[in-house]
Amino acid sequence: MKNSSQSLGDALQAAVGACGKGNSQTSSPVAAILWPDKESQWQSALPALLALMPGLFVFGPYAPERRSGPAIWLKCAIAGLLPEVQFDGVPVIYLPGVSRAELRAIESCPRDLQPLAELQYRGVFWSQASTKDWTVSAFLASKNGGLGLNVAQDKATQEALLQALQAGVLLECNTDDLKKRVINAEWLLSLLLPNPNRDLLLWMNEPEATRSQWGDVLWAVFVKRCKSDFGFDPVADGLLAAAEHLAKSKGKWSAVAELYRDSYTSFPNVFDLLAKLPAPHIDLFPDYDELAGYPQVNEQSEASLRYALSACAAMDAPQARAAVLAAEEEHGLRRTWLWIRMGRSPLVTALEYLAEVAQRSASLPIGQTPIELANSYELSGWQVDLAAMRALASVHTKADLDAVGGALRAMYLPWIEETAHRLQEAAKTMGGLPSIQADKLSSGTCTVFVDGLRYDAATMLKQRLSVFGDVHLSARWTSLPSVTASGKAWCSPVAEHIAGSVEDMEFEPRVAADGKPLSGYNFRKLLGEHDIQPLDKHQIGDPQGQAWTEAADLDHYGHEHGIRLARDLDNQLNLVVERVSELLEAGWKRIRIVTDHGWLLMPGGFPKSELAKHQVETRWGRCAVLKDSAHGTSLTFGWDWCHDVQVAYAPGVSCFTAGVEYAHGGISLQECLVPVIQLDCGGEIGSTNLVTIQSVTWKGLRCAVVVEGASNQQRVDIRSKAALASTSIVSNVKLLTTDKASLVVADDEFMGVAAVVVVLGTDDEVLQKQMTTVGE
């Protein structure tokens, strides 16, 4: 009791243990310390007490892992008859709901207690000198066996003592600190409500439920704190006044606003309060920082932006580009506001990508030959396509999609039209496109076929796969026409064993050896005949050989859903990543990802091109097989599998059918220049990275990450799956401006969940990762 550096829990342990030392003049050691507690005041602190006192046992239900059990079990345990129960020193038997008097009256003692009654003669009671049980207040205040602290005796303090004990904060208090203060309800409740900012948001989120949960004492402390700290009376001013303060974010409310921005998902109803606030008057030169907290300002700005984008639909490309860039100048700042992370600013999200389309579509791929045009497209042209897809993926409602689609079409359609014309003119000069089939593969390679993997989508996939090893992205020409039946065989490792004939009007070639149509069955059979394992979904095969498998299906989704493909592109690519991960875990060291064709996607559909029915055998969206008697069009080439089959192509990006949003089969860089991704994983993932994660430290939902070897523009994220950006669980991915980053998990439902801290390069490549558990 003289140790001035001990906690209250340590002092309690010392006091209980002291009474078991016995009388030095007696020869018999103390068999047990009996701790009666008729009011069960100490029971709520048992988890902490059991950790503090290894020799503590509890009279109660049988639960040996918690050192709890009936009287007979307790006697066996303290007698050392149970090998699984180990302790040092004098055992302490805590008796919740039992008074000292009950135990002493052996004749009337309850039967379940009787086996313990005799211990009062071989042991000692831990009780007050007056033989009363030690209550929490009595132990703290008594100068005779207690701590002699200054404890207020009002009802509120007595209630607060028990609440603080149950919460675990009371036992952690330092006894020196306690001696210097009056222990009263106000101070105790400041321990219970240590985070006034969070308390304020909890109340705003669910006022009635929170007040009921707190009780009258905690509510009174909360009201008093609001008045003193935040200049606000919850009772007199009400919720809307609190919302107004939160929106303005002045003074101490700025910390509340910061917490809300970091953890808004934990307070879902607060937005409804903020949304009721009328938008403040906006001056000619407004301070946007002061407007950022008002949802109505954001909604009005979204409506204004929707009108501006819709107007672009009637403009030519230069006018539309200028209008989009002007809108970006006006609205771009809103991407720093909270509402965009809440998904309530879809148009300004899309505007970022529309502005990129506006800037990049002012230039066209350069070159006189297909190869020169392809090189130019690989260098930068694909970024126009990717920005267009991301713009479409940002919006969901019809009104927003119409506005974004109209502005995008005005800029994007002329660009892809002229890009396609350039390639078509080069193809005419060259007599077609370069004809190169798939490379031969070495052992240990698994080919993953992805139907409709366009080059821009492949750049996204490359970034996600970089966590697994070295990734190389290249491009090659698919077969003409750019359709699945023809292109899938073209990119397969058995392409040299496949041929076409003049009878194959649906562009499905044949097995060269026996002339059988290349159906799914025959294709798999052909693979097997050449020692290439055809793997079904989730099959892994023998990693020492070669294999072919398929993952995702962008093409099917595009035909089924049109523009919605842009929204589902991430999910489709995630399916590929999951399949690759499965193969690598099974032991494959080299993955080659190939595809049959790309595609075109255009809101509002493509222009229609006419081709007389009597001239064609079969008609597809962007190509048609001509009859023998038909005269070729200006854009006619032989089928790559059999040049005797003449195929007419729609000029530019037009289609032979009307109202088509998604199409392929024609001649354009987007359709014909297809990606090939090679992933080599010869060693442990990340073994060559120079970046290392030095430490990951949690304080609640906030995570501090220290990174060694980081450079500017690298970022830190926390994800459920390292390679999938869509599994991020933080409010904001943080830029590494120094070697440290602080991230906040968006929702407290992730507390205790396993996650991965990842360091990202400038192209979203995962440079390093480390497993962690949220909150630990």
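This is a predicted model, so every value here is computed, not measured.

> Please explain the pairing of strand 21 (residues 702–708) as it appears in this structure.
For a regular strand, side-chain orientation follows a simple rule: the groups alternate between the two sheet faces. Of the two faces of strand 21, only the one carrying C703, V705 and V707 is buried; R702, A704, V706 and E708 on the other face are not. When strand 20 (residues 692–699) meets strand 21, the two strands line up antiparallel, connected through 7 bridges. Across the sheet, K699 pairs through a bridge with R702, a residue of strand 21. Sheet topology places strand 21 next to strand 24 (residues 740–744); 5 bridges connect them, and they run antiparallel. In the sheet register, C703 faces strand 24, and the bridge partner there is L743.

> For this particular structure, what's the right way to read the packing of aromatic side chains?
Two descriptors summarise a pair of aromatic rings, namely the distance from one centre to the other and the angle between the planes of the rings. Tallied over the full model, the rule gives 28 aromatic pairs. Within the aromatic cluster, the residues linked to one another by ring pairs are W203, W214, W219, F222, F230, F232 and W253. Its guanidinium or amino end placed over the ring of F271, R344 lies 3.7 Å from that ring's centre, counting from NZ or CZ. One cation-aromatic arrangement involves R454 over W599; the distance from NZ or CZ to the ring centre is 3.9 Å.

> Sorry if this is basic, but what is going on with helix 21 (residues 346–360) here?
In an α-helix, one turn spans 3.6 residues; hence positions three or four apart end up facing the same way. Taking 1.5 Å of rise per residue, the 15 residues of helix 21 would be expected to cover 21 Å, and the 22 Å separating its terminal C-alpha atoms lies within 8% of that figure. Its maximal kink placed at E352, helix 21 deviates by approximately 25°. Tucked inside the fold, the buried residues of helix 21 contact helix 18 (295–312), helix 19 (317–331), helix 20 (338–341), helix 22 (370–393) and helix 23 (398–430).

> Explain the packing of helix 21 against helix 23 here, please?
The geometry of a pair of packed helices is captured by two quantities: the angle between their axes and the separation between those axes. Between helix 21 and helix 23, whose axes approach to 10 Å, the crossing angle comes to 5°. The angle between helix 21 and helix 23 places the two elements in the roughly parallel class. Residue-level inspection shows P346, L347, A350, L354, V357, A358 and R360 of helix 21 in contact with helix 23, the latter providing D400, V404, A407, L408, M411 and W415. When grouped by side-chain class, the residues that make up the contact of helix 21 with helix 23 number 11 nonpolar, no polar and 2 charged.

> Just to check I follow, could you spell out the nonpolar core for this structure?
Soluble globular proteins tend to pack their nonpolar side chains together in the buried interior. Ranked by size, the top nonpolar core spans 128 residues in total, and within it L309, V324, I591 and I593 carry the most contacts. Sort the elements by how many residues they give to this core and helix 23 lands first, with 14 residues. Of all hydrophobic cores here, the second largest spans 76 residues; its members include W42, V270, F271 and V297.

> What is the right way to read the confidence of the model for the protein chain from this model?
Note: predicted coordinates in regions of low pLDDT should not be interpreted at a detailed level. This prediction gives the protein chain a mean pLDDT of 90; 96% of its residues lie at or above 70. The lowest-confidence element of the protein chain is strand 14 (residues 616–619), averaging 78 in pLDDT; the highest-confidence one is helix 21, averaging 98. The low-confidence segment residues 684–689 (pLDDT under 50) makes 6 contacts with residues lying over four places distant or belonging to another chain.

> Help me understand helix 24 (residues 455–465) in this model?
Within helix 24, 9 of the 11 residues are buried, leaving the element largely enclosed by the surrounding structure. As for helix 24, its buried residues are in contact with helix 22, strand 7 (470–477), helix 27 (554–561), helix 28 (565–585), strand 12 (590–594) and strand 19 (673–680).

> Where do I start with the pattern of salt bridges in this structure?
Side-chain pairing between opposite charges can occur once the charged atoms of the two side chains come close. The final tally for this structure, using the stated rule, is 29 salt bridges. A salt bridge links K227 to D233, with the nearest nitrogen and oxygen atoms 3.8 Å apart. We classify K227 as partly exposed; its relative accessible area is 46%. Accessibility expressed as a relative area gives 17% for D233, which makes it buried. Across the pair E503 and R510 runs a salt bridge whose closest N-O atoms are separated by 3.6 Å. Accessibility expressed as a relative area gives 61% for E503, which makes it exposed.

Reading the values: the criteria
- Residues numbered from 1 in each chain as written.
- Predicted model: local features only at pLDDT ≥ 70, side-chain atom pairs only at ≥ 80, totals over all residues.
- Heavy atoms only, no water.
- Buried < 20%, exposed > 50% of the residue type's maximum accessible area, 1.4 Å probe, protein only.
- Helix = DSSP H or I, 4+ residues; strand = E, 2+ residues; numbered from the N terminus.
- Pairing = 2+ DSSP bridges.
- Phe/Tyr/Trp six-rings, centres within 6.5 Å; stacked < 30°, edge-to-face > 60°.
- Lys NZ or Arg CZ within 6 Å of the ring centre and 35° of its normal.
- Expected span 1.5 Å × (residues − 1).
- Bend = angle between axes of the 7 residues up to and from the residue.
- Contact = heavy atoms within 4.5 Å.
- Axes fitted to C-alpha atoms, helices over the stretch in contact; angles between N-to-C directions.
- Parallel < 35°, antiparallel > 145°, perpendicular 65-115°, else oblique.
- Nonpolar A, V, L, I, M, F, W, Y, C, P; charged D, E, K, R; others polar.
- Core = buried A, V, L, I, M, F, W, Y, C linked by side-chain atoms within 4.5 Å.
- pLDDT = per-residue confidence, 0-100.
- Salt bridge = Lys/Arg side-chain N within 4 Å of Asp/Glu carboxyl O.

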